[in-house]
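Topology and contacts: notes
Below, each chain spelled out in residue letters.
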Amino acid sequence: EAWPLFEKALDIAKSTGQRRLEGIITANLAFLAQSLGRLDDSIHWNDAALAIHREVGNITGVAGVYANLAMLYASTGDVERARTLHEESIASYRIVGERRLTAQAMIMYAAFERRTGAPLQEVVSHLAQAGENFDADKASFVSVLDLVERGHLELAAGRSARRVLDTAEALASSLDFG
């Protein structure tokens, strides 16, 4: 049901010359295609969104497309391509000073690294770097992601994760998205 709405929005953005908005909508079509299992379509839309974001100088948009592509390629088993795209996403968010998005991208990268068998110390290092980007945004979605990932690390190390996961659950509930 969402697809026709996004296509209509894309047509409007194109007809009114709003290239930045066109890039955002195109990236949303890519994400929607991916969630529907249409990976080839998702790659097509991501490539189109990437070109538009680059054209208009929307580095945050470029970083978001890199993150989407990283998840897509990770799901296909292309670990090296996914790793490179995660790193490019983080670097792009840093360029524009998006601390919260940098932290979120680093947490997603840490989760990817954990799932692909990276040494736990590397994963912990990624999470520590992510934590440096929280600043005043301690009570956020990113904080919950960080706590959940730390819980996974505790489990991977053979320790109980109850305390950290309880903290994540309490924070999520307090933010009204748990």
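The sections below set out a description of the structure shown in this document. Everything numeric here is computed off the predicted structure, so don't read it as measured data.

The final tally for this structure, using the stated rule, is two aromatic pairs. Arranged with centres 6.2 Å apart and planes meeting at 70°, the rings of Trp3 and Trp45 form a pair that is edge-to-face. Linking Trp3 in helix H1 (residues 2-15) with Trp45 in helix H3 (residues 39-56), this pair joins segments that are 42 residues apart in sequence. For the pair shown, Trp3 and Trp45 are each scored as buried. Above the plane of the ring of Tyr73 lies Arg81, whose end atom (NZ or CZ) is 4.3 Å from the centre.

Two elements in contact, helix H5 (residues 79-95) and helix H6 (residues 99-115), have axes whose closest approach is 8 Å; the angle formed by their N-to-C orientations is 165°. Taken together, the axes of H5 and H6 lie roughly antiparallel to each other. The crossing of H5 and H6 is left-handed. Every residue of H6 that contacts H5 at Val79, Ala82, Arg83, His86, Glu87, Ser89, Ile90, Tyr93 and Arg94 is listed here: Leu101, Thr102, Ala105, Met106, Met108, Tyr109, Phe112 and Glu113. Here the contact of H5 with H6 is composed, by residue class, of ten nonpolar, three polar and four charged.

Next up on the list: the side chain of Glu22. Relative to the elements of secondary structure, Glu22 occurs in helix H2 (residues 19-35). If we skip the residues at most four places from it in the chain, Glu22 touches Leu10, Ala13, Lys14 and Ile52.

Attention now moves to H6. Working note: α-helix, 3.6 residues per turn, so residues spaced by three or four point in the same direction. The terminal C-alpha atoms of H6, which comprises 17 residues, lie 24 Å apart, in line with the 24 Å expected from a rise of 1.5 Å per residue. When H6 is considered as a whole, its buried residues turn out to be Leu101, Thr102, Ala103, Ala105, Met106, Ile107, Tyr109, Ala110, Ala111, Phe112 and Glu113.

For H2, spanning 17 residues, the distance from its first C-alpha to its last is 24 Å, which sits close to the expected 24 Å at 1.5 Å a residue. Inspection of H2 places Glu22, Gly23, Ile25, Thr26, Ala27, Leu29, Ala30, Leu32, Ala33 and Gln34 among the buried residues, and these make up the whole buried set. Next to the buried residues of H2 lie H1, H3 and helix H4 (59-76). Just beyond H2, the residue with positive phi is Gly37, at close to 80°.

Looking now at a nonpolar patch on the surface. Among the surface-exposed residues, Phe31, Met71 and Met108 lie close enough to one another that they form a single nonpolar patch of about 250 Å² accessible area. By the element assignment, Met71 lies in helix H4.

Turning our attention to the environment of Leu32. Of note, Leu32 is situated in helix H2. For Leu32, a relative accessible area of 17% puts it in the buried group. Separated by 29 residues in sequence, Leu32 and Trp3 have C-alpha atoms that sit 7.7 Å apart. Those residues within four positions of Leu32 in sequence are excluded, and the remaining contacts are Ala2, Trp3 and Phe6.

The next point concerns the packing of H3 against H4. Taken N-terminus to C-terminus, the directions of H3 and H4 make an angle of 160°; their axes are 9 Å apart at the nearest point. Compared by their axis directions, H3 and H4 come out roughly antiparallel. Once H3 is placed against H4, the crossing between them reads as left-handed. Contacts between H3 and H4 involve Leu39, Ser42, Ile43, Asn46, Ala49, Leu50, His53 and Arg54 on the former and, on the latter, Gly61, Val62, Val65, Tyr66, Asn68, Leu69, Leu72, Tyr73, Ser75 and Thr76. Within the contact of H3 with H4, the residues separate by chemical class into ten nonpolar, seven polar and one charged.

Cut-offs used in this document
- Residues numbered from 1 in each chain as written.
- Predicted model: local features only at pLDDT ≥ 70, side-chain atom pairs only at ≥ 80, totals over all residues.
- Heavy atoms only, no water.
- Phe/Tyr/Trp six-rings, centres within 6.5 Å; stacked < 30°, edge-to-face > 60°.
- Helix = DSSP H or I, 4+ residues; strand = E, 2+ residues; numbered from the N terminus.
- Buried < 20%, exposed > 50% of the residue type's maximum accessible area, 1.4 Å probe, protein only.
- Lys NZ or Arg CZ within 6 Å of the ring centre and 35° of its normal.
- Axes fitted to C-alpha atoms, helices over the stretch in contact; angles between N-to-C directions.
- Parallel < 35°, antiparallel > 145°, perpendicular 65-115°, else oblique.
- Left-handed = near helix turned anticlockwise from the far one by under 90°.
- Contact = heavy atoms within 4.5 Å.
- Nonpolar A, V, L, I, M, F, W, Y, C, P; charged D, E, K, R; others polar.
- Expected span 1.5 Å × (residues − 1).
- Patch = residues over 30% accessible without salt bridge, like charges linked within 9 Å, V, L, I, M, F, W, Y side chains within 5 Å.
- Areas by Shrake-Rupley, 256 points an atom, 1.4 Å probe, with all protein chains shown as cover.
- Salt bridge = Lys/Arg side-chain N within 4 Å of Asp/Glu carboxyl O.

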